[in-house]
Amino acid sequence: MNRCPEIITEYMHEYLDGEILPEHKNILTVHLKFCADCRQHFQELEKSIALVKSISHVQAPTDFTQKVLMNLPKEKKKVSVKRWFSRHPVLTAASIFSIFMAASLLSHWSGDDFSVTKNPDLVIENNTAIVPEGETVTGDIVVKNGDIRIDGKVDGSVTVINGEIVNGESYMASAGQVTGDIVEINEAFEWLWYQMKHIFESTMNMLTGKEK
Amino acid sequence: MDEFVKSRIKQVRKGDQNAFGEIVELYKDKVFQLCFRMLGNSHEAEDISQEAFIRAYINIERYNIDRKFSTWLYRIATNLCIDRIRKKKPDYYLDAEVAGTEGLTLYSQIPASQLAPDEEVSKIELQEIIQNEILKLPEKYRAVIVLKYIEELPLLEISKILDLPIGTVKTRIHRGREALRKQLRHI
Ligand SMILES: [Zn+2]
């Protein structure tokens, strides 16, 4: 351009980068005062930067994000279910808790053997627990895979799983002889259990990431 | 902001595309603008910025979560732009539509930069002229100029985006400024 030292142009760029040392800045300032060519050069640099900066900011098209999402590789199904769970943490905790509770409770009764709550006043005959006439059994009775005949009285609840109350009449008739609740669990129980197990397993598979 | 981005990225890594949607919303304008100023037309800019986000999603495992996400994203976008510029054939380039000027090509833009100095130049025309002058820069200067003066990024971040030593970035900015000075001084 002229006879001016190259270093002056370098100082201009240092200045424009915002990284000029004070002594370089002094040299540059003094030189620009005396040299019209370099002054013009410097002004042109500043002007071109200002022009580039002046071009307005542009925005992505409005449907940009949807387009990106549409073109992503397919999301795995389990993720959307997981996301649902993570967005509904209370419901998730409650449902998982109740599934676990039900499953663990039910698993206690999963055998086929006859069993009955231990009570010295109960008489056992051929898979049937008998509350003898004139006797009062104190405490709750649970009979599993067998029946119960209540000739006496029960001071507590009676639960029969996979069995029934055999008094020659409907168990409702013996309600007066039992102070607590009478519960019979048969087909309905099994159906529920089946359902629970099913839900439980698929939930576990989903949470542990196993595919079906 | 960084914490928010980190938490979204952890979700994206689990495959959550909605979380990625939030990331796209945050950065789409910046990335689109970078591509638009690098490439000079909105169709290509949209193509390339779409691809940048899709690549970021596919390669999200490779992103180092302790670094700045935008740096990584800009790097993907810048590299895609530079690739596209290199693949462009000159004739296609001249026929390409320019910055918000539907129907106009670079051919019809050329007289605009030859306006007499005292003639009133509208703001839109001026923007087109500047955009065209940026597009005339070789891509290595164009990238640093766009990152520095349009995206307004610090030199250190530009050096990370381009994976170049900071000294090289400075040299390119200096040369880019000198080229622009020669192109723009008569406006
Ligand atoms: Zn001088």
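Residues numbered from 1 in each chain as written. Chains lettered and ligands numbered in written order. Predicted model: local features only at pLDDT ≥ 70, side-chain atom pairs only at ≥ 80, totals over all residues. Heavy atoms only, no water.

Chain B is annotated in an unreviewed UniProt entry as RNA polymerase sigma factor SigW of Caldibacillus thermoamylovorans. What UniProt states about chain B under its Sequence similarities (unreviewed entry) heading is, verbatim, "Belongs to the sigma-70 factor family. ECF subfamily." (UniProt positions renumbered as here; feature names shortened; annotations may be inferred.)

Per an unreviewed UniProt entry, chain A is named Anti-sigma-W factor RsiW, and its organism is Caldibacillus thermoamylovorans. UniProt annotates chain A under Sequence similarities (unreviewed entry) with the comment "Belongs to the zinc-associated anti-sigma factor (ZAS) superfamily. Anti-sigma-W factor family."

Below, the discussion takes up the overall build of chain B. Scanning chain B from terminus to terminus reveals 10 helices and 0 strands. Secondary structure of chain B in N-to-C order comes out as α-α-α-α-α-α-α-α-α-α. The proportion of buried residues among the 187 residues of chain B is 52%. A sequence separation of at least 24 residues applies to 63% of the contacts in chain B between residues at least 6 apart. For chain B, the accessible area works out to roughly 9,100 Å², and carbon and sulfur atoms hold 51% of it. (Helix = DSSP H or I, 4+ residues; strand = E, 2+ residues; numbered from the N terminus. Buried < 20%, exposed > 50% of the residue type's maximum accessible area, 1.4 Å probe, protein only. Contact = heavy atoms within 4.5 Å. Areas by Shrake-Rupley, 256 points an atom, 1.4 Å probe, with all protein chains shown as cover.)

Let's shift gears to the pattern of salt bridges. This model, assessed by the stated rule, comprises 15 salt bridges over all chains. Among the ionic pairs, Asp-151 of chain A bridges to Arg-149 of chain A, the shortest N-O distance being 3.2 Å. Asp-151 of chain A gets classed as partly exposed once you look at its relative accessible area, which sits at 30%. Residue Arg-75 of chain B pairs with Asp-163 of chain B through a salt bridge whose shortest N-O separation is 3.1 Å. A residue pair is termed long-range when its members are at least 10 positions apart, and Arg-75 of chain B in helix H4 (residues 69–87) and Asp-163 of chain B in the loop between helix H9 (155–162) and helix H10 (166–184) qualify at 88 residues. What you see here is one network of salt bridges that share partners, running through Glu-44 of chain A together with Glu-178, Arg-181 and Arg-185 of chain B. (Salt bridge = Lys/Arg side-chain N within 4 Å of Asp/Glu carboxyl O.)

Our next topic: the packing of helix H1 (residues 6–16) of chain A against helix H2 (residues 22–34) of chain A. A pair of packed helices can be characterised by two numbers: the angle between their axes and the separation between those axes. All names here are of chain A. Running from N to C, H1 and H2 cross one another at 115°; their axes reach a closest spacing of 10 Å. When you trace H1 past H2, the crossing you get is left-handed. Where H1 abuts H2, its residues Ile-8, Tyr-11, Met-12, Glu-14 and Tyr-15 lie against His-24, Lys-25, Ile-27, Leu-28, His-31 and Leu-32. The class makeup of the residues in the contact of H1 with H2 is 7 nonpolar, 2 polar and 2 charged. (Axes fitted to C-alpha atoms, helices over the stretch in contact; angles between N-to-C directions. Left-handed = near helix turned anticlockwise from the far one by under 90°. Nonpolar A, V, L, I, M, F, W, Y, C, P; charged D, E, K, R; others polar.)

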